[in-house]
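Residue-level structure breakdown
Next come the chains, spelled out residue by residue.
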Amino acid sequence: MKFRTPLMAAALALTLVATAGCAVTRGQETAGAYVDDTAITATVKSRMLEDKDVAGTSITVETLNGTVMLSGFAKGEHEKATAASIAKNVEGVKAVKNEITVRK
């Protein structure tokens, strides 16, 4: 039993290091930038889900180095523009690429 605890701690530490390393291989400069991008994505997504004019479940949000990319489907131009506006107003966002397709 005493051997399992250090073994589990080592496995957890290895997982954390490997996960942080993935951020660097994706073209990010630091693991801290990866954490910032994750926070931006979560904030944009939650604000979209709170907004009654945006179907947040139909829009995908991805962030890389402060640039947010929106993709998915919107019911109209107003919804597409509102989603972009929400993303632009989140702290830490440097740019927004709006690739949302309007369904007709």
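Described in the following lines is the structure provided in the data block. (Residues numbered from 1 in each chain as written. Predicted model: local features only at pLDDT ≥ 70, side-chain atom pairs only at ≥ 80, totals over all residues. Heavy atoms only, no water.)

Focus: the nonpolar core
Keep this limit in mind: Among the buried residues, those of types Ala, Val, Leu, Ile, Met, Phe, Trp, Tyr and Cys that are joined through side-chain atoms within 4.5 Å form a nonpolar core. Three labels apply to residues, based on accessible area from a 1.4 Å probe with only protein chains included: buried if under 20% of the type maximum, exposed if over 50%, partly exposed otherwise in between. Under the DSSP-based scheme used, a helix requires at least four consecutive residues in state H or I and a strand at least two consecutive residues in state E, with every element numbered from the N terminus. The contact criterion used is simple: two residues touch if any of their non-hydrogen atoms lie within 4.5 Å.
Val 44, Met 48, Ile 59, Val 68, Leu 70 and Ala 83 are the most contacted members of the largest nonpolar core, which totals 16 residues. Considering each element in turn, this core owes the most residues, four residues, to helix H3 (residues 77-88). With residues up to four places along the chain from it excluded, the contact list for Ala 83 reads Met 48, Val 54, Ile 59, Leu 70 and Ile 100.

Quick look at helix H2 (residues 31-50)
Rules: Helix span is expected to be 1.5 Å times the residue number reduced by one. Regarding the arc, it is the one traced by the directions from the helix axis to the C-beta atoms.
Across its 20 residues, H2 extends 29 Å between first and last C-alpha, which sits within 8% of the 28 Å expected from 1.5 Å per residue. Of all the residues in H2, the buried ones are Ala 33, Asp 37, Ile 40, Thr 41, Val 44 and Met 48. The buried residues of H2 occupy an angular sector of 100° when projected down its axis, which confines them to one face. Projecting away from the buried face of H2 at angles above 90 degrees are the exposed residues Val 35, Leu 49 and Glu 50.

A look at the sheet that holds strand S1 (residues 59-64)
Rule in force here: Here, strands pair whenever DSSP counts at least two bridges between them. The angle between two axes is taken between their N-to-C directions and runs from 0 to 180 degrees, where each axis is a line fitted to C-alpha atoms and a helix contributes only its stretch in contact.
Spatially, three strands are ordered S1-S2-S3 in an open sheet, and the strand pairing comes out mixed. The sheet terminates laterally at S1 and strand S3 (95-102), the two strands that pair on one side only. Averaged over neighbouring strand pairs, the angle between their axes works out to 10° when direction is ignored. Examined bridge by bridge, strand S2 (residues 67-74) and S3 share eight bridges and lie parallel to one another. Across the sheet, the residue bridging to Thr 67 is Ala 95, located in S3. Seen against the sheet, H2 touches S1 and S2 and runs at an angle of roughly 155° to S1. Of the strands in this sheet, S1, S2 and S3 are in contact with H3, which crosses S3 at around 160°.

Remember, this is a structural readout, not a statement about activity or role.
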